Amino acid sequence: MRRDLLRLLNPRAIAVIGGGAWCASIIKAAEMIGYDGEIFPVHPEGKMIAGRQAVRSLTEWSGPIDAAFIGVNRKATIDVVRELRALKAGGAVCFASGFSEAGAELSDGADLQAELVEAAGDMPILGPNCYGFINALEGAAIWPDQHGCSRVERGVAILAQSSNIAINLTMQKRALPISYVVACGNMAQTSQAEIAMALLDDPRVTAIGLHIEGFGDTAEWHALALKAEGKGIPLLALKVGKSEHAQAATVSHTASLAGSHAGANALLARLGIPRVPDIPSFLETLKLLHTVGRLDRASLATVSCSGGEASLAADTAHGRALSFPPLSEPQRKALFEALGPKVALANPLDYHTYIWRDTARMTETFAALAGPDTGITLAIVDYPHTDATDWACATDAILGAAQQTGRPYGVVATLPELLPLDVAARFMAAGVVPFMGLTEAITAVEAAALPAAVTPQPPLPGGALGLAETLSEHASKTELSNVGVPVPASLRLTSLEGLAAQLAKLRFPLALKAEGMAHKSDAGGVALGLMCAEEVQTAAEAMGGVSWLVEEMATGAVAELLVGVTRDEAHGLLLTLGAGGVLTELLQDTVSMLLPVTAHDIKQALTKLKCAPLLTGYRGKPAANIDAIVETILSVQDYVIAHAPHIGEVEINPLLCTPTRAVAVDALIRKARP
C-alpha cells in the first residue's frame, strides 16, 4: 500500500497531543527552525503549553490536520490514532514506547502494536517509539528535543532507526546541508524503505543516507533501489550488526562463514547501495554525494605540500577498491612547467612549498592532477585555527582548478578541526567537497565510486525456517544429482559381507566414509585411495559404525571450492563461494551473493577469490573448467529455488575442479519437511 507521506512530512497544520515537557519541546523545535504554519496543542484541561492555548479535543480544531505528535501513553495512543484517521489527518508521529520493541519485557507489546496498525489503516504513522522528523526545506519539525538543523534550499535526507543517532547527526558541523531527518522508530506500519521512497519524490533531495538496524521486506528495498536509480539519487547505508552471525550452531562451514554481516553486504551490493563503517564516514560520503554525485571512476589523485601527507594518502587508500593512476605525459609536462625540476612528479604528489603563495602556479598544479582517468582530485590542506590568512592561496587555487577542469575536486583536512566552517561553506558553494578527515575522505571516495547498478531481480526472501533435519551425505548427493550436480559413482554399504561383489560396479581407487559422523576427516571417518575390497573392509572396521558410503575417487583436481547456500532470515538465501577442502577454515577466502544469480555473476565472484589463480592455471598448471563450475553452481541454485521455503542449508565442500569437469565430493542438505 502506497501512503501519502509527503503531506505528513510537509505539514501546514500540526496537532501536538498531550502535555508535559515533551510536547512543549515539539512546539519549541518547530519554532526554532522557523515553522510558519499552524501548530496547536491538544489537552483535555485546555492548559497553556509552550505559550500556546490548548484545545480540549481534536474535534475543537476546525481546520485540517496534516500531522500530529502523539505524546500520550501507549494505550491512549491507539485511541488517538483512530480519531485522527476518522478526521482524515495526514499522519502522526507515535512517541510512546512499550510496543513490540519491548520484547518479552511487556507481554502485551506485540498485541498493542497490531491494534495500533489496525487503528491507523491507510493513514501513515511514524513509530511507535519514535522522535519524528525535521524538514529543513520547508521549516517544519515534529521533534521532541534539541536539533542542529537550519533551513536549506536543497540537501541530503537522513533516515535513522535510532532516534538518538538522528539527534546527533543533526548536530554535525561539517558544512553538510541536511534537507530531512527522519527517525523511523520501530516501524510498526511505515517502513524505512517506504519513507525513503517518498523522499525520492522531492526534487530538492540530493542523496539519502540510511542508518539501518534491520531491513525487513527485502523486495521493498529492491523497489526503493530501482526508484532511486531511475531518479539518479544516490543511496548510502550505515548498516550496524557487523559482529552478529546467523546460525550459532551448524555442522557445515558455510553458515559460520556467511553470517548476517555477509548477508547485509550481499543485499546492499545487489541493491547498488554502498556501505560505510561509521558516522564520520557516513557524513563525509553524503557530502561527496551531495556535491558531485557518484564518481565515474574508482581512482583518485592527491596533492599536498608534504611527503608525509602524500604517504598517508597512499597508505590510507591501500587495500581499497581504488587506484592512483600514473601521470600521463601531458600531465607531467604541465606539472614540470608549474613546479620546475626540483619536484619528483608522481601520484600522490608532494609539490613541496616552492610555489606556496603563487596562486597561479598552484592552480596549474592542482588542475594538472585531474587527468582523464581520475575520478576525483584531492588537495590535502590543513588550515591552522590560529591565523589561516596565509592559506587563502590554497583555497583560491583549488577553486580555480575545479572551475578550470570541470572535474570533481575535494579539499581534505587530515583533522576535522583544521577546516574552518566558513572555508568549507565556500568550497561547498563552488561544488568542491570539503572533507574533514583523511580516512573519512578516502572511505567516501571508495563508496561513491562503487558500481551502482541495481540487480533487476529482487532477492529470494529469507524468513524463518521450521524444524529442520540434516540429510545424510548419500541422500544429499542423490537430491543434488537429480538436478544435474555431478557426483562420484557411489554405493551405500550397510553390511561388509560379500564386499567384493558389492564393489564390482565401482572403479578403484575408492574413498570410504563413515555415515552419521560430522567433520569425518577430523574424526578418522574417511579413508582414501583404497585399492581393493580387503582395504575397504579393513578401513570400515577401523572406523566402526553400521553404514558407510563408498565412492570412486575423483582425480585430476587443480582446485577445490566451497559452494554453499544458507538461509539468512533477514536478507534471503545466501550463496557463498570460497576456497574449499582443508583451506576453507584456514584461508577464510569467500565471497557471498544473494540468490538468484546469473552465470556472469558467478564468474565475476570467482575472480574475487584469493584462490582464483588456481582456477585459471597457476604456474603452468592446467586451468579448471570454469563453465563446468558455473553449471554446477547454477544446478545448486535450481535445487534451492525449487525447495526455497524449506531450505536451511546446502553445502558442497569440496567441489573438485578439474580441467574437464567439476565434481561434488562431499555434500550436505539441511531442510525442513514440506
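In this text, all values refer to a predicted model and were calculated from it rather than measured experimentally. (Residues numbered from 1 in each chain as written. Predicted model: local features only at pLDDT ≥ 70, side-chain atom pairs only at ≥ 80, totals over all residues. Heavy atoms only, no water.)

Enquirer: Can you help me understand the overall build of the protein in this one?
Expert: Across its full length, the protein carries 23 helices and 29 strands. For the protein, the C-alpha atoms occupy an extent of roughly 95 × 80 × 35 Å along the three principal directions. Within the protein, buried positions represent 55% of all 674 residues. Of all intrachain contacts in the protein linking residues separated by at least 6 positions in sequence, the fraction that spans at least 24 positions is 71%. Total accessible area on the protein stands at roughly 27900 Å², and carbon and sulfur atoms take up 53% of it. For the protein, the separation between the mean place of its 51 positive charges and that of its 69 negative charges on side chains is 3 Å. (Helix = DSSP H or I, 4+ residues; strand = E, 2+ residues; numbered from the N terminus. Buried < 20%, exposed > 50% of the residue type's maximum accessible area, 1.4 Å probe, protein only. Contact = heavy atoms within 4.5 Å. Areas by Shrake-Rupley, 256 points an atom, 1.4 Å probe, with all protein chains shown as cover. Lys, Arg positive; Asp, Glu negative; His and termini not counted. Charge placed at Lys NZ, Arg CZ, Asp CG, Glu CD.)

Enquirer: Explanation requested: the pairing of strand β5 (residues 67-70) in the structure shown.
Expert: Regular strands place their side chains on alternate faces of the sheet. Of the two faces of β5, the one carrying Ala-67 and Phe-69 and the one carrying Ala-68 and Ile-70 are both buried. Bridging between strand β1 (residues 13-17) and β5 involves 4 bridges; their strand directions are parallel. Bridging across to β5, Ile-17 finds its partner in Ile-70. Of the pairings in the sheet, the one linking β5 to strand β6 (residues 92-94) comprises 3 bridges and is parallel in character. Counted as the bridge partner of Ala-68 is Ala-92 from β6. Considered for its hand, the β-α-β crossover made up of β5, helix α3 (residues 74-86) and β6 is right-handed. (Pairing = 2+ DSSP bridges. Right-handed = clockwise from strand over helix to strand, strands pointing away.)

Enquirer: Sorry if this is basic, but what is going on with the sheet that holds strand β8 (residues 132-135) here?
Expert: As a general point, the strands of a sheet are linked pairwise by backbone hydrogen bonds and lie either parallel or antiparallel. Spatial ordering of the open sheet is given by β9-β8-β11-β10-β12-β13, a layout of 6 strands whose pairing is mixed. Strands with a single pairing partner mark the edges of an open sheet, and in this sheet they are β9 (140-142) and β13 (235-239). Ignoring which end each strand starts from, the neighbouring axes of this sheet average 15° apart. Strand direction decides the pairing type here: β8 and strand β11 (residues 178-183), joined by 4 bridges, are antiparallel. (Axes fitted to C-alpha atoms, helices over the stretch in contact; angles between N-to-C directions.)

Enquirer: Even after reading the chapter, I still don't get the nonpolar core, so can you show me in this structure?
Expert: When a protein is soluble and globular, its nonpolar side chains tend to lie buried together. Membership of the largest hydrophobic core comes to 106 residues, with the highest contact counts inside it found for Trp-143, Leu-159, Ile-208, Leu-288 and Phe-435. Broken down by element, this core gets its largest block of residues, 8 residues, from helix α16 (residues 438-449). By size, the runner-up hydrophobic cluster in this structure holds 42 residues, among which are Val-485, Ala-559, Leu-609 and Leu-655. (Core = buried A, V, L, I, M, F, W, Y, C linked by side-chain atoms within 4.5 Å.)

Enquirer: Would you mind showing me how to read the packing of aromatic side chains here?
Expert: One pair of aromatic rings is described through two measures. These are the centre distance and the angle between the planes. Scanning the entire structure with this criterion turns up 9 aromatic pairs. Seen from their ring centres, Trp-22 and Phe-95 are 5.1 Å apart, and the 55° between their planes marks the pair as tilted. Placement of the pair is Trp-22 in helix α2 (residues 20-32) and Phe-95 in the loop between β6 and α4 (109-120), with a sequence separation of 73 residues. Assessed through its relative accessible area of 41%, Trp-22 is described here as partly exposed. Looking at Phe-95, the relative accessible area reads 18%, which means it is buried. Put simply, the rings of Trp-22, Phe-69, Phe-95, Tyr-131 and Trp-143 pair up and form one aromatic cluster. (Phe/Tyr/Trp six-rings, centres within 6.5 Å; stacked < 30°, edge-to-face > 60°.)

Enquirer: Looking at this model, I keep getting lost on the confidence of the model for the protein. Mind explaining?
Expert: For residues with low pLDDT, the predicted coordinates do not support detailed interpretation. Averaged over every residue, the pLDDT of the protein is 92; residues scoring 70 or more account for 96%. Note that residues 244-259 has pLDDT below 50 and, in this model, 45 contacts with residues that lie over four places away or in other chains. (pLDDT = per-residue confidence, 0-100.)

Enquirer: Even after reading the chapter, I still don't get unusual backbone geometry, so can you show me in this structure?
Expert: Omega for the peptide link from Asn-347 to Pro-348 comes to 5°, which places this bond in the cis form. Take Pro-348: it is sitting in the loop between α12 (329-339) and β15 (349-350). The linkage connecting Leu-595 with the following residue, Pro-596, adopts the cis geometry, with an omega of 5°. Here the phi dihedral of Ala-50 falls at roughly 55°; this positive angle occurs in a residue that is not glycine. For Ala-50, the position within the fold is in the loop between β3 (48-49) and β4 (52-53).

Enquirer: Mind showing me how you'd approach the packing of helix α21 (residues 599-607) against helix α23 (residues 626-642) here?
Expert: A pair of packed helices is captured by two measures, namely the crossing angle of their axes and the spacing between those axes. At a closest axis distance of 10 Å, the pairing of α21 and α23 adopts a crossing angle of 120°. What the angle tells us is that α21 and α23 run oblique. α21 and α23 meet at a crossing whose hand is right-handed. Contact residues: α21 offers Ala-599, Ile-602, Lys-603 and Leu-606, while α23 offers Ile-626, Asp-627, Ile-629, Val-630, Ile-633 and Leu-634. Residues that form the contact of α21 with α23 fall into these classes: 8 nonpolar, no polar and 2 charged. (Parallel < 35°, antiparallel > 145°, perpendicular 65-115°, else oblique. Left-handed = near helix turned anticlockwise from the far one by under 90°. Nonpolar A, V, L, I, M, F, W, Y, C, P; charged D, E, K, R; others polar.)

Enquirer: How should I be thinking about the packing of α12 against helix α13 (residues 359-369) in this particular structure?
Expert: At a minimum axis separation of 9 Å, α12 and α13 run at an interaxial angle of 165°. By the criterion of interaxial angle, the relationship of α12 to α13 is roughly antiparallel. Seen along the crossing, α12 lies across α13 with a hand that is left-handed. Across the interface between the two elements, Gln-331, Ala-334, Leu-335, Ala-338 and Leu-339 of α12 pack against Arg-361, Glu-364, Thr-365, Ala-368 and Leu-369 of α13.

Enquirer: Would you explain the pattern of salt bridges in this entry?
Expert: A side chain with one charge can pair with a side chain of the opposite charge if their charged atoms come near. Taken as a whole and assessed by the stated rule, the structure comprises 29 salt bridges. For Asp-108, the salt bridge goes to Arg-74, with nearest N and O atoms at 3.1 Å. Of the two residues, Asp-108 sits in the loop between β6 and α4 while Arg-74 sits in helix α3, which places them 34 residues apart along the sequence. Residue classification places Asp-108 among the partly exposed residues on the basis of a relative accessible area of 24%. Among the salt bridges present, the one from Asp-201 reaches Lys-231, with a minimum N-O distance of 3.8 Å. Residue Asp-201 is found in the loop between α6 (192-199) and β12 (205-212), and its partner Lys-231 is found in helix α7 (residues 218-231); the two are separated by 30 residues along the sequence. Three or more residues are tied together by salt bridges with common partners; here these are Glu-473, Lys-477, Lys-513 and Glu-551. (Salt bridge = Lys/Arg side-chain N within 4 Å of Asp/Glu carboxyl O.)

Enquirer: Looking at this model, I keep getting lost on α4. Mind explaining?
Expert: Residues spaced three or four apart along an α-helix face the same direction, because each turn holds 3.6 residues. With 12 residues, α4 extends 17 Å from end C-alpha to end C-alpha; this agrees with the ideal 16 Å at 1.5 Å per step. Here α4 has its buried residues at Gly-109, Leu-112, Gln-113, Leu-116, Ala-119 and Ala-120. Relative to the axis of α4, the buried residues are bounded by an arc of 120° and lie together on one face. Within two residues after α4, Gly-121 carries a phi angle of roughly 60°, on the positive side. (Expected span 1.5 Å × (residues − 1). Arc of directions from axis to C-beta.)

Enquirer: It is not clear to me how the environment of Lys-342 should be interpreted in this structure. Could you clarify?
Expert: Turning to its location among the elements, Lys-342 is positioned in the loop between α12 and β15. Distance from Lys-342 to Ala-13, taken between C-alpha atoms, is 67 Å for residues 329 residues apart in sequence. Not counting residues within four places of it along the chain, the set of residues in contact with Lys-342 comprises His-352 and Tyr-354.

Enquirer: Please explain a nonpolar patch on the surface as it appears in this structure.
Expert: Taken together, the side chains of Val-582, Leu-583, Leu-586 and Leu-587 present a nonpolar region at the surface, about 390 Å² in accessible area. Tracing the sequence through the fold places Leu-587 in helix α20 (residues 583-587). Among the residues examined, Leu-587 registers a relative accessible area of 35% and is labelled partly exposed. (Patch = residues over 30% accessible without salt bridge, like charges linked within 9 Å, V, L, I, M, F, W, Y side chains within 5 Å.)

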